[in-house]
Amino acid sequence: MLYSEKVMDHFNHPRNVGELPDADGVGQVGNPVCGDIMKMYLKIEDGVIVDVKFKTFGCGSAIATSSMATEMIKGKTIGEALKLTNAAVAEALDGLPAHKMHCSVLAEEAVKAALADYYTRRGEPVPPECVIDPEDACPLCG
Ligand code: FES
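Here's a quick rundown of the structure. Computed from a predicted structure; not experimentally measured. (Residues numbered from 1 in each chain as written. Predicted model: local features only at pLDDT ≥ 70, side-chain atom pairs only at ≥ 80, totals over all residues. Heavy atoms only, no water.)

## What about the overall build of the protein?
Now for step 1: For the protein, the count of helices and strands is five helices and three strands.
Now for step 2: Starting at the N terminus and walking to the C terminus, you meet the elements of the protein as α-β-β-β-α-α-α-α.
Now for step 3: In terms of C-alpha radius of gyration, the protein reaches 14 Å, essentially the compact-globule figure of 14 Å for 142 residues.
Now for step 4: Seen through its C-alpha atoms, the protein measures out along the principal axes to roughly 50 × 30 × 25 Å.
Now for step 5: For the protein, the proportion of its 142 residues judged to be buried stands at 44%.
Now for step 6: Working note: accessible area of the protein is about 7,000 Å², and carbon and sulfur atoms make up 54% of it. (Helix = DSSP H or I, 4+ residues; strand = E, 2+ residues; numbered from the N terminus. Rg over C-alpha atoms; globule rule 2.2 N^0.38 Å. Buried < 20%, exposed > 50% of the residue type's maximum accessible area, 1.4 Å probe, protein only. Areas by Shrake-Rupley, 256 points an atom, 1.4 Å probe, with all protein chains shown as cover.)

Structural data, given as structure tokens:
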């Protein structure tokens, strides 16, 4: 079987899909490999991510990895969320086929972009961990 049971579960029943109208940080990123787009909304209180939602115009692996990523950062501190890597998300899903690993990058980068937005809105400097390598930026959405 190409996809693990966990990937199929998160694809068929994605967690935390939607928008947060009162989000404290919103991040949108595009995948330069396929052009797919991911939007992440974070509600942050006292440095803790108390709620998170995502929307994606992306493939099944993008949906599954984002769903898992939202579960992994909900209730965590900003510092913990910044340590989330796409490899850790893929591992939590019992792996992804090699040619779909690029899809998991969307989730990690959307979290970072949302946190960067959170700091920008507060007028605070954006931590270097939030900065996405411009080489990876999507030609569609920058
Ligand atoms: Fe675009 Fe998976 S093919 S995110």
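## Focus on the packing of aromatic side chains
Now for step 1: In this structure the tally under the stated criterion is one aromatic pair.
Now for step 2: When the ring of tyrosine 118 is compared with that of tyrosine 119, the centres are 5.3 Å apart and the planes differ by 70°; the resulting orientation is edge-to-face. Just as tyrosine 118 is buried, tyrosine 119 falls in that class too. (Phe/Tyr/Trp six-rings, centres within 6.5 Å; stacked < 30°, edge-to-face > 60°.)

## Side note on the sheet that holds strand 3 (residues 48-57)
Now for step 1: With antiparallel pairing, three strands are arranged side by side in an open sheet as 1-2-3. Bordering the open sheet on either side are strand 1 (25-30) and strand 3, each of which pairs with just one other strand. Across the sheet, the mean angle separating the axes of adjacent strands is 15° when strand polarity is ignored.
Now for step 2: This element, helix 2 (residues 60-73), spans strand 2 (37-45) and strand 3 of the sheet and lies at about 175° to strand 3. (Pairing = 2+ DSSP bridges. Axes fitted to C-alpha atoms, helices over the stretch in contact; angles between N-to-C directions. Contact = heavy atoms within 4.5 Å.)

## As for the packing of helix 1 (residues 5-12) against helix 2
Now for step 1: Two elements in contact, helix 1 and helix 2, have axes separated by 8 Å at closest approach and are oriented at 90°. It follows that helix 1 is roughly perpendicular to helix 2 by the angle criterion. Contacts between helix 1 and helix 2 pair Val7, His10 and Phe11 from the former with Gly60, Ile63, Ala64, Ser67, Met68 and Glu71 from the latter.
Now for step 2: Along the lines of polarity and charge, the residues of the contact of helix 1 with helix 2 split into five nonpolar, three polar and one charged. (Parallel < 35°, antiparallel > 145°, perpendicular 65-115°, else oblique. Nonpolar A, V, L, I, M, F, W, Y, C, P; charged D, E, K, R; others polar.)

## Here we look at the packing of helix 2 against helix 5 (residues 101-121)
Now for step 1: Contact pair helix 2 / helix 5: the axes reach a minimum separation of 8 Å and the direction vectors enclose 40°. As the angle between them shows, helix 2 and helix 5 are arranged oblique. Along this stretch, helix 2 crosses helix 5, giving a crossing that reads as right-handed. Between helix 2 and helix 5, the contacting residues are Ser61, Ala62, Thr65, Ser66, Ala69 and Ile73 on the first element and Cys103, Ser104, Leu106, Ala107 and Val111 on the second. (Left-handed = near helix turned anticlockwise from the far one by under 90°.)

## So, the pattern of salt bridges
Now for step 1: For the structure on display, the rule yields ten salt bridges.
Now for step 2: Between lysine 43 and aspartate 22 there is a salt bridge, with its nearest N and O atoms 3.9 Å apart. Highlighted residues: lysine 43 in strand 2 and aspartate 22 in the loop between helix 1 and strand 1, separated in sequence by 21 residues.
Now for step 3: Note that aspartate 51 and lysine 74 form a salt bridge whose closest N and O atoms lie 3.5 Å from each other. With a gap of 23 residues between them, aspartate 51 in strand 3 and lysine 74 in the loop between helix 2 and helix 3 (78-82) connect regions that are remote in the sequence.
Now for step 4: Judged by relative accessible area, lysine 74 falls into the partly exposed class, the value being 35%.
Now for step 5: Sharing partners across several salt bridges, the network here consists of Asp9, Arg15 and Glu71. (Salt bridge = Lys/Arg side-chain N within 4 Å of Asp/Glu carboxyl O.)

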